[in-house]
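Letter by letter, the chains look like this.
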Amino acid sequence: IDADHAMYQAKLMGRNQYVFFEALAEQNKTSNVKVEYDFDNAVNNLEFIGNYQPLIDFRSGDVIGAEVLVRWQHPKLGLVFPDFFIPTLEKSGQIVQLDLYMLKLALSKLKLWADWLPEKFKLNVNVSTSGFASEDFIRYLQEQHQKSAVITERLCIEITEESLILNVDAVKKHLDILKELNISVALDDFGTGYSSLSYLHQFSLDYLKIDKSFVDGLNAISNKVVILNAVVNLAKALKIKTTAEGIETAEQYQKLKEIGCDLGQGYHIAKPLLEADFKRFLLNRSL
Ligand code: C2E
Ligand code: CA
Ligand code: CA
């Protein structure tokens, strides 16, 4: 319990404490068993909540979307961040259940918020590789589309390059279904993995989320600008919108706007927010 508590504290202090956190995780391997063991209860007790990080349109400055980021409101550990439990859930296969849970949560919020959301607003939901390949996830979307297409059309599903490579056949099929249902797809963390440009025309994608590692250090005179320019222009030619993530400074914001990124996300704009704070942020911004 002490080690768990320290780990939670480390997470609270932020990512700079990562080494400390990893050392603890190593020392506390048994905690993996705990995540797996606590998970089913947590699902039943609705211990997973969403934080909502605004996405802005660079041209207008308007909030035109948000990304749902999962947090575990653990009865003993307090608020736990995804880096702590997602790797374990991926290993155990339970991540598929979490993906479905978060999808349901996102749809329920879209219904709840329908009165005050801007017209073009989209809610981005992260889905794991196995979650996206699963039949249950796609079937649920198809069912919900039947019930209310205006709600499901507000979704944007965030997948990773890994999802495109593993399970290629299922992924191609599922991407086609999403297209039919008018549900957007974003390729997350672009630039960290294989970054294969061939994915961009091989699969039908609506958004390319350029990883924070490209945004970091953009203020310095660096060749990152050259790469970013190339990626943004290539995406434009393919009619794929680009989103820059992890924007932390006004300088980075300005530079990305100049480069011509379509959407921006990061602490400089807003941190992932509690539902009530997110609503306040959005309504204040659109005054
Ligand atoms: P991600 O999808 O790349 O999400 C962005 C992460 O960067 C989030 O961390 C967010 O809080 C953080 N972030 C946003 N802006 C900034 C910034 O300006 N600076 C810095 N340093 N960080 C920023 P978080 O919430 O801890 O999530 C970590 C990862 O966990 C996510 O990375 C995603 O891969 C995964 N994840 C989160 N929620 C879900 C979910 O509901 N389902 C699944 N399958 N995975 C999720
Ligand atoms: Ca994401
Ligand atoms: Ca990302």
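**A short note on the coordination of the calcium ion (ligand 3)**
The protein atoms donating to the calcium ion (ligand 3) are Asp188 (OD), Asp189 (OD), Glu245 (OE) and Glu245 (OE), with metal-donor distances spanning 2.2 to 2.6 Å. Between the two metals, the calcium ion (ligand 3) and the calcium ion (ligand 2), the spacing is 3.9 Å, and Asp188 donates to both. Here the residue Asp189 occupies a position in strand S6 (residues 184-190), and Glu245 occupies one in the loop between strand S8 (241-244) and helix H14 (250-259), the gap between them amounting to 56 residues. For Asp189, a relative accessible area of 27% corresponds to the partly exposed category.

**Some thoughts on helix H15 (residues 275-285)**
Each α-helix winds once per 3.6 residues, and so residues spaced three or four apart point in a common direction. Those residues of H15 not exposed but buried are Phe278, Phe281 and Leu282. The arc that holds the buried residues of H15, viewed along the axis, is 95°, so those residues lie on one side. Packed against the buried residues of H15 are strand S1 (48-57) and strand S2 (63-74).

**A look at the coordination of the calcium ion (ligand 2)**
Around the calcium ion (ligand 2), the donor atoms from the protein are Glu67 (OE), Asn126 (OD1), Glu158 (OE) and Asp188 (OD), and they sit 2.2 to 2.4 Å away. All donors of the calcium ion (ligand 2) come from a single chain, and their spacing in sequence reads E-x58-N-x31-E-x29-D.

**Concerning the side chain of Glu67**
Tracing the chain through its elements places Glu67 in strand S2. On the basis of relative accessible area, Glu67 is assigned to the buried category, the value being 5%. Polar side-chain contacts of Glu67 include one of 2.9 Å to the side chain of Lys209. Separated by 2.7 Å, the side chains of Glu67 and Gln265 make a polar contact. The contacts of Glu67, once residues within four sequence positions are left out, are Asn51, Tyr52, Gln53, Leu55, Asn124, Asn126, Glu158, Lys209 and Gln265.

**So, unusual backbone geometry**
One non-glycine residue with positive phi stands out, namely Asn167, at about 55°. Its place among the elements puts Asn167 in the loop between helix H9 (161-165) and helix H10 (168-180). By relative accessible area, Asn167 is classed as partly exposed at 37%.

**So, the pairing of strand S4 (residues 122-126)**
Burial analysis of S4 places four of its five residues in the buried class, which makes it a mostly covered element. Pairing analysis gives four bridges linking S2 to S4, with the strands arranged parallel. If you follow Val68 over to S4, its bridge partner there is Val125. Both S4 and strand S5 (residues 155-159) contribute to a ladder of four bridges, which runs parallel. Each bridged residue has a counterpart across the sheet, and for Val125 the counterpart in S5 is Ile157.

**Considerations on a positive patch on the surface**
A cluster of basic residues, Arg59, Lys120, Lys236 and Lys241, forms a positive patch on the protein surface. Looking at the secondary structure, you find Arg59 in the loop between S1 and S2. Residue Arg59 is classed as exposed on the basis of its relative accessible area, which comes to 75%.

Each value, and the rule that gives it
Residues numbered from 1 in each chain as written. Chains lettered and ligands numbered in written order. Predicted model: local features only at pLDDT ≥ 70, side-chain atom pairs only at ≥ 80, totals over all residues. Heavy atoms only, no water. Donors = N, O, S within 2.8 Å, 3.2 Å for Na, K, Ca; no water. Helix = DSSP H or I, 4+ residues; strand = E, 2+ residues; numbered from the N terminus. Buried < 20%, exposed > 50% of the residue type's maximum accessible area, 1.4 Å probe, protein only. Arc of directions from axis to C-beta. Contact = heavy atoms within 4.5 Å. Polar contact = N/O pair within 3.5 Å; in protein donor to acceptor, adjacent residues only side chain to side chain. Pairing = 2+ DSSP bridges. Patch = residues over 30% accessible without salt bridge, like charges linked within 9 Å, V, L, I, M, F, W, Y side chains within 5 Å. Areas by Shrake-Rupley, 256 points an atom, 1.4 Å probe, with all protein chains shown as cover. Salt bridge = Lys/Arg side-chain N within 4 Å of Asp/Glu carboxyl O. Lys, Arg positive; Asp, Glu negative; His and termini not counted. Charge placed at Lys NZ, Arg CZ, Asp CG, Glu CD.

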